[in-house]
Amino acid sequence: MRSTRPALALAVTALLLGTAACAAGPEAEQPAAPAASSHAGHTGGSAPPPSPLRDGERFVDVGLDQPYTPAAPNGGTDEYRCFLVDPQLTEPAYLTGSQFLPQNEAIVHHAIFYRVDPEQATEAEKVDQESTGEGWTCFGDSGVQGQTAWVAHWAPGAGETLMPDGFGFVMPPGSKLIMQVHYNLLNTSGADQSGMKMRLAAGDSGLKPLETALAQAPIELPCEPGGSGPLCDRETAIADVAKRFGAESAETVEQLNQWCNGGQAPKAGNTQHCDQPVGEAGTIYMAAGHMHLLGRSIKVELNPGTPKATTVLDVPAYDFDNQSLVPLKKPVKVAQGDIVRVTCTHDALLRKQLPQLKTLPSRYVVWGEGTSDEMCLGILVMAPG
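From a predicted model like this one, the values you see are computed outputs, not experimental measurements. (Residues numbered from 1 in each chain as written. Predicted model: local features only at pLDDT ≥ 70, side-chain atom pairs only at ≥ 80, totals over all residues. Heavy atoms only, no water.)

Colleague: For the overall build of the protein, give the residues involved together with the corresponding values.
Modeller: Across its full length, the protein holds three helices and 22 strands. Considering only intrachain contacts with a sequence separation of at least 6, the fraction spanning at least 24 residues in the protein is 87%. Total accessible area computed for the protein in this model is approximately 15100 Å², and 51% of it derives from carbon and sulfur atoms. (Helix = DSSP H or I, 4+ residues; strand = E, 2+ residues; numbered from the N terminus. Contact = heavy atoms within 4.5 Å. Areas by Shrake-Rupley, 256 points an atom, 1.4 Å probe, with all protein chains shown as cover.)

Colleague: How would you sum up the sheet that holds strand 16 (residues 282-290)? Please name residues and give values.
Modeller: Picture the strands of a sheet paired through backbone hydrogen bonds; they go either parallel or antiparallel. The four strands lie next to each other as 13-22-16-19, forming an open sheet whose pairing is antiparallel. Whereas interior strands pair on both sides, the edge strands pair on one side only; in this sheet they are strand 13 (211-216) and strand 19 (326-334). Along the sheet, successive strands turn relative to each other by an average axial angle of 35 degrees, direction set aside. Pairing geometry for strand 13 and strand 22 (residues 377-384), over six bridges, is antiparallel. (Pairing = 2+ DSSP bridges. Axes fitted to C-alpha atoms, helices over the stretch in contact; angles between N-to-C directions.)

Colleague: An account of the environment of Trp136 is requested, with residue identities and associated values reported.
Modeller: Locating Trp136 in the fold gives a position in strand 6 (residues 136-137). When the C-alpha atoms of Trp136 and Gln180 are compared, they prove to be 9.4 Å apart, with 44 residues separating the residues in sequence. Separated by 3.0 Å, the side chain of Trp136 and the backbone oxygen of Ser142 make a polar contact. (Polar contact = N/O pair within 3.5 Å; in protein donor to acceptor, adjacent residues only side chain to side chain.)

Colleague: Lay out the sheet that holds strand 3 (residues 78-85) in plain terms, naming residues and giving numbers.
Modeller: On the basis of which strands lie adjacent, the open sheet formed by five strands has the order 6-3-10-5-7 and antiparallel pairing. Strands at the two margins of the open sheet, each flanked by one partner only, are strand 6 and strand 7 (149-154). Bridge analysis of strand 5 (residues 108-116) against strand 10 (residues 176-184) gives eight bridges, and the strand direction is antiparallel. Counterpart to Ile112 in the pairing with strand 10 is Gln180.

Colleague: Outline the nonpolar core, supporting the account with residue identities and numerical values.
Modeller: Among soluble globular proteins, nonpolar side chains are generally buried collectively. Phe113, Met198, Val312 and Val342 are the most contacted members of the largest nonpolar core, which has 101 residues in total. Setting aside anything within four residues of it in sequence, one finds Met198 in contact with Arg58, Phe59, Val60, Val62, Pro87, Leu95, Gly97, Met171 and Leu177. (Core = buried A, V, L, I, M, F, W, Y, C linked by side-chain atoms within 4.5 Å. Buried < 20%, exposed > 50% of the residue type's maximum accessible area, 1.4 Å probe, protein only.)

Colleague: Run through the packing of helix 2 (residues 234-245) against helix 3 (residues 247-261), naming residues and quoting values.
Modeller: It is at 6 Å that the axes of helix 2 and helix 3 come closest, and there the two elements cross at 140 degrees. Taken together, the axes of helix 2 and helix 3 are oblique relative to one another. For the pair helix 2 and helix 3, contact is made by Arg234, Glu235, Ile238, Val241, Ala242 and Phe245 and by Ala247, Ser249, Ala250, Val253 and Glu254, respectively. Grouping the constituent residues of the contact of helix 2 with helix 3 by class yields seven nonpolar, one polar and three charged. (Parallel < 35°, antiparallel > 145°, perpendicular 65-115°, else oblique. Nonpolar A, V, L, I, M, F, W, Y, C, P; charged D, E, K, R; others polar.)

Colleague: Help me get a handle on the state of the cysteines, residues and values and all.
Modeller: Considering all chains together, one arrives at four disulfides under this definition. Across the disulfide, Cys223 is cross-linked to Cys232 (sulfur-sulfur distance 2.0 Å). Looking down the S-S bond of the Cys223 and Cys232 bridge, the torsion is -105 degrees, so its handedness is left-handed. (Disulfide = S-S within 2.5 Å.)

Colleague: Break down helix 1 (residues 118-130) for me, citing the residues and quoting the values.
Modeller: Taking 1.5 Å of rise per residue, 13 residues should cover 18 Å, and helix 1 covers 19 Å from first to last C-alpha, within 8% of that figure. Residues of helix 1 that are buried include every one of Gln120, Ala121, Ala124 and Val127, and no others. Taken around the axis of helix 1, the buried residues stretch over an arc of 115 degrees, which confines them to a single face. Among the exposed residues of helix 1, those pointing more than 90 degrees away from its buried face are Glu119, Gln129 and Glu130. The secondary structure elements touched by the buried residues of helix 1 are strand 3, strand 5, strand 6 and strand 10. (Expected span 1.5 Å × (residues − 1). Arc of directions from axis to C-beta.)

Colleague: Explain the pairing of strand 16 residue by residue, including any values.
Modeller: Among the nine residues of strand 16, nine are classified as buried, and the element is accordingly described as predominantly covered. As judged from the five bridges shared by strand 16 and strand 19, these two strands associate in the antiparallel manner. Pairing of Thr283 across the sheet is with Lys333, part of strand 19. Both strand 16 and strand 22 contribute to a ladder of eight bridges, which runs antiparallel. For Ala287, the partnering residue across the bridge sits in strand 22 and is Leu380.

Colleague: Describe unusual backbone geometry, listing the residues and the values that go with them.
Modeller: At Asn74, a residue that is not glycine, the phi angle is positive and equals roughly 60 degrees. Following the sequence through the fold, Asn74 ends up in the loop between strand 2 (57-63) and strand 3. Assessed through its relative accessible area of 44%, Asn74 is described here as partly exposed. One non-glycine residue, Asn303, lies in the positive phi region at around 50 degrees. The residue Asn303 is located in the loop between strand 17 (295-302) and strand 18 (310-315) in this model.

Colleague: Tell me what's going on with a negative patch on the surface, and back it up with residues and numbers.
Modeller: Taken together, the side chains of Asp117, Glu119, Glu123 and Glu130 make up a negatively charged region of the molecular surface. Checked against the element boundaries, Glu119 lands in helix 1. (Patch = residues over 30% accessible without salt bridge, like charges linked within 9 Å, V, L, I, M, F, W, Y side chains within 5 Å. Salt bridge = Lys/Arg side-chain N within 4 Å of Asp/Glu carboxyl O. Lys, Arg positive; Asp, Glu negative; His and termini not counted. Charge placed at Lys NZ, Arg CZ, Asp CG, Glu CD.)

The structure is reproduced here in structure tokens:
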């Protein structure tokens, strides 16, 4: 999963978090290797049926009209592909829930749905027409100009996601969705025809609007003890990310270091964190964390180290196959200027223990779009004001 540059955040949504001021944490003690099931990479099985409709809701299905066979470009093993899907909205509506249905879960790493207005949809149609095959390649974001809004996503382990009662994402008439699917072809291939079951409520139902905010931290994970090779050099590893995903991916790595470490020399280690000021007051209702296969733990905190300190999300034993967006037991209010800190711990030793990664050469791991790269991302669903 990714954000805009840097990461999944800046261009995908009207972020409530501002620019970052971050720091690298001390190296964490190496924990014991997890069971294979906790870092399996992809799990199969059919999705459970959706919950009954709430008052005023209806289901609308969107997705691929025909199968798409991904092909990773630039010698990599990952493709981010965007598809324009149309919920046929003629009146204002709210998106109050979603259930992504990965038709070929063995190759689907994640999916994000960006809302676009009619003008942006026309731009997306143009991009689609100028691209070869169904959809278009879109590493990092939606691949179209202008502000888009992140309104739904799926990662392994997620089922149906319901917004809290009384809330939803605004869907104006004529708006469409860009469905970004990250296909990982590291160990398998094949075609896919995924889609999503949308839960919609009428625009005059008096719901309060939601937005998705993203908090990210850099990855500066050196090669595992005893590991060696050209990619153990940080600059070589960054150049490899740029080759596979484009120059902007390398810029993301340096931007994260600039914003989160003040541009000082990167502090390599298992644990990194980033402090980001809140740009607009609001209330957090749901949260999730996203890392890849080397992830050990992730935490999102508000105003750490102060009397107002609050833990928003704490996943001490991260499981790649359990990344659901979950409601908070108690909503968390944030004020403009509050600090959100996201902290992630990764474990380079897992590269030689997990079947998906053990055949790959040792490398210095930085932020990257591939399943064999890493991320540190807190996903927060908020109501402004």
